[in-house]
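Okay, here's what each chain looks like letter by letter:
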Protein chains: 2
Amino acid sequence: MLDERKRLVLRAIIDSYIETAEPVGSRTIARKHDLGVSPATIRNEMADLEETGYLEQPHVSAGRIPSDKGYRFYVDALMEPHRFSQNEVERIEKELLDAQLTPERALHEAARLLSMLTDSVSLVLAPSTDQLVFKHVQLVCLEPTGILVTLVLHPMTVKNRLIRTKREYSPEEISEISKALNKKLKGITYRQLSVTMFNEIIGDFGEIGRVLVELVLQGLAEEKEEQIYATGASNILTQPEFRDVQRAVAIFEALEQKELLLKMLGTAAKSSGVQIVIGQENTYSAMQSCSVVTCTYYVGNDVVGTLGVLGPTRMDYPKVVSAVNLVAQTVSLLLTRDK
Amino acid sequence: MLDERKRLVLRAIIDSYIETAEPVGSRTIARKHDLGVSPATIRNEMADLEETGYLEQPHVSAGRIPSDKGYRFYVDALMEPHRFSQNEVERIEKELLDAQLTPERALHEAARLLSMLTDSVSLVLAPSTDQLVFKHVQLVCLEPTGILVTLVLHPMTVKNRLIRTKREYSPEEISEISKALNKKLKGITYRQLSVTMFNEIIGDFGEIGRVLVELVLQGLAEEKEEQIYATGASNILTQPEFRDVQRAVAIFEALEQKELLLKMLGTAAKSSGVQIVIGQENTYSAMQSCSVVTCTYYVGNDVVGTLGVLGPTRMDYPKVVSAVNLVAQTVSLLLTRDK
DNA sequence: GTTAGCACTCTCTCGTGTTGAGTGCTAAAA
DNA sequence: TTTTAGCACTCAACACGAGAGAGTGCTAAC
């Protein structure tokens, strides 16, 4: 592995590059960090680091910039975690916990905070439907052919739909169906709904059953798109790496493709804790000039969603990681408390 | 007013500038449009049009570009409406009307379509809460201290909230309260809710009443933000006027300020039909390099919302106006049909 | 192993022409 | 009186070249 001095040099270069976005030369390092050696020595180290793939050189008479491999080593072994001041932590917690927010609003607020803290785009994947547990099903007869269906799911989700039926139903009938449905569905998850169950429902409840099944299936497919969003996109335009508009457009377009974001955060949801995906490590080519830092959040002990940040590979990893972690923890606390 | 030839020249210049985004010279006009006069004559006309404020000259040896006043005259008196092909109209109607979409999804879909048709940012202001009429209020007791409140409002809105009460309520009690509330609220609008009514509710229903009032008030303030959104922001980056990133950032930031958008579309909602706001006519300085084309949409005969497009002042007004109008009509049809 | 010195490379900036599009003006033609 | 051809003039945009400056790699001495 890298010896102590190489690590120091690499870290100094990455710290400096993160700060200035300019290629870093040997003199700068010698001047700013007191390594006790001359620029020439540092040059030798830098040449080695380039040889082994941790650094790159835009052109022969420029300084070095970190490669993806360099950043990877940095986040795994070199960086020192950023400590938010007591003040900042309190402010964040206050903004999220104090206000009387609905869960959806809280997630939006978290996104706003995260994007503000990191000057990057924040991504939030709201609790995914298929892990939700049916808690209560309620049919209310508003008119003879107009029925309001309310699904209460755990955690913290309520879905409604107004449906129109062909034949008329009496309030008593509806109330019966409501009870029977409740018995059938209570306690199972969206994901556990099977074809057999759908058929049973259609068999048992006729027209209403069919509409209901459609509703549920549709809900599964449709609402996925709505449960992910990106906030603070304008931030990336202020980053020097996106001075070239073409690149920015590519990112913006990617951000509007919900399915892509969904997959990206979806995979992150499988492992817990803070995940970092750097540049080319990302499967999606549009994102390969960016890094993504994500963290899962919880209701009680269940992972229900993911939130994170998208920024240039030259992002302030220590700060971003801390911010993502802090916000995820606070959101978990909030959601669990209100459960 | 302007004589016939001046109008022809002005129109030719604006058409050309909309297409190419380049200042238009007298030769170009003479060549492309057969006005039967020489460039020199056109030059004289152009000088007059500049004098009277319809045109501007970026610098002395460049062609002319339209001023805001020029665009205003163009949209009011010169442009010929764009006709979408039968095919296009059918496709749009199909995408919106055929699919089994919830109203919210339909509005999102409309936004996507609009942004695609116009290569601009589309804005959608969803039905504003305070005009909604209470249709049904439903309280369901999920646990002794956990009550699900469902408000069904006309048109096409359902709101839910899970509330926790300090003391326990029996299902019968809840059912009573539910009935009494329904009697009280049915048929009135959010806007008609008065302080007296709030006090009555708190008096009649104690703790639940208070929570309910909080809920309604909070709902009014909170959900405003959620009922407006912008789609297709990446489109503006492809416009040559935003080659300069600074300008683009200003627009992006404005687009993230929901309140600003809300006010902007809110004023447009007061008049019916297609509204056009050009450049400096806009009250909000961040938007003064843009034009906004909006149209109200309906449920039955009631204006319930506004949708539109934001783009550079050099937008293709004939096409944008037609697109906004078409989509607004189709959305109205859709919402009215499903009412 | 470290470092000073030096030749070398390459980007960036600045000034200088040069080109070309487009104008306004004048005087002649219609 | 209106239109037009002709012409001088202006100015952005582009290309070119010189020079500065930052930074490197190599070599030889410490």
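The structure under discussion appears in the preceding block.
Quick notes on the rules
Residues numbered from 1 in each chain as written. Chains lettered and ligands numbered in written order. Predicted model: local features only at pLDDT ≥ 70, side-chain atom pairs only at ≥ 80, totals over all residues. Near = placed C-beta within 6 Å. Helix = DSSP H or I, 4+ residues; strand = E, 2+ residues; numbered from the N terminus. Buried ≥ 20, exposed ≤ 12 C-beta atoms within 10 Å, placed from the backbone. Pairing = 2+ DSSP bridges. Least-squares fit on C-alpha atoms with pLDDT ≥ 70 in both. Contact = placed C-beta atoms within 7 Å. Nonpolar A, V, L, I, M, F, W, Y, C, P; charged D, E, K, R; others polar. Axes fitted to C-alpha atoms, helices over the stretch in contact; angles between N-to-C directions.

### Focus: the protein's contact with DNA strand C
The immediate surroundings of DNA strand C are formed by 20 residues, with Val37, Thr41 and Ser61 of chain A together with Gly25 and Ser61 of chain B found nearest. Looking at the surface near DNA strand C, the elements with two or more residues in it are α3 (39-51) of chain A together with α2 (26-32) and α3 (39-51) of chain B.

### Some points on the pairing of strand β3 (residues 121-125) of chain B
Residues and elements named next belong to chain B. Taken across its 5 residues, β3 has 5 buried, putting it largely inside the fold. Both faces of β3 are covered, namely the face carrying Val121, Leu123 and Leu125 and the face carrying Ser122 and Val124. Pairing of β3 with strand β10 (residues 302-312) involves 5 bridges; the strand directions are antiparallel. The residue of β10 that forms the bridge with Ser122 is Val309. In the sheet, β3 pairs with strand β7 (residues 228-231) via 4 bridges, with the strands oriented antiparallel. In the sheet register, Ser122 faces β7, and the bridge partner there is Thr231.

### Things to note about the relation of the copies chain B and chain A
The two copies are related by a screw operation: chain B maps onto chain A through 180° of rotation and 0.0 Å of translation along the axis, at an RMSD of 0.1 Å. Considering both components of the superposition, the chain copies are consistent with a two-fold axis. Scanning chain B for the C-alpha nearest the rotation axis identifies Val245 of chain B, at a separation of 3.7 Å. Taken as a fraction of all interface residues of chain B, those also at the interface in chain A reach 93%, which identifies the copy contact as same-surface.

### Points about the protein's contact with DNA strand D
Taken together, 20 residues lie around DNA strand D, and Gly25 and Ser61 of chain A together with Val37, Thr41 and Ser61 of chain B are the ones closest in. Mapped by element, the contributors of at least two residues to the surface near DNA strand D are α2 (26-32) and α3 of chain A together with α3 of chain B. The element that contributes the greatest number of residues to the surface near DNA strand D is α3 of chain A, accounting for 4 residues. Residues belonging to the surface near DNA strand D are distributed by class as follows: 7 nonpolar, 10 polar and 3 charged.

### Some words on the sheet that holds β3 of chain B
All names here are of chain B. Across the sheet, which stays open at both edges, the 5 strands sit in the order β7-β3-β10-β9-β8 with antiparallel pairing between neighbours. Across the chains shown, the open sheet's two edge strands, defined by having one partner strand only, are β7 and β8 (274-278). Within this sheet the neighbouring strands show an average axis-to-axis angle of 20°, counted without direction. Sitting on the sheet, helix α6 (residues 103-118) touches β3, β7 and β10, and the angle it makes with β3 is about 155°.

### Comments concerning the interface of chain B and chain A
Between chain B and chain A, the contact holds 27 residues from the first and 26 residues from the second. Within the residue set of the side of chain B that touches chain A, elements represented by two or more residues are β4 (133-143), β5 (146-154), β6 (157-164), α8 (195-226), α9 (234-237) and α10 (245-256) of chain B. Taken together, the residues of the side of chain B that touches chain A break down into 12 nonpolar, 9 polar and 6 charged.

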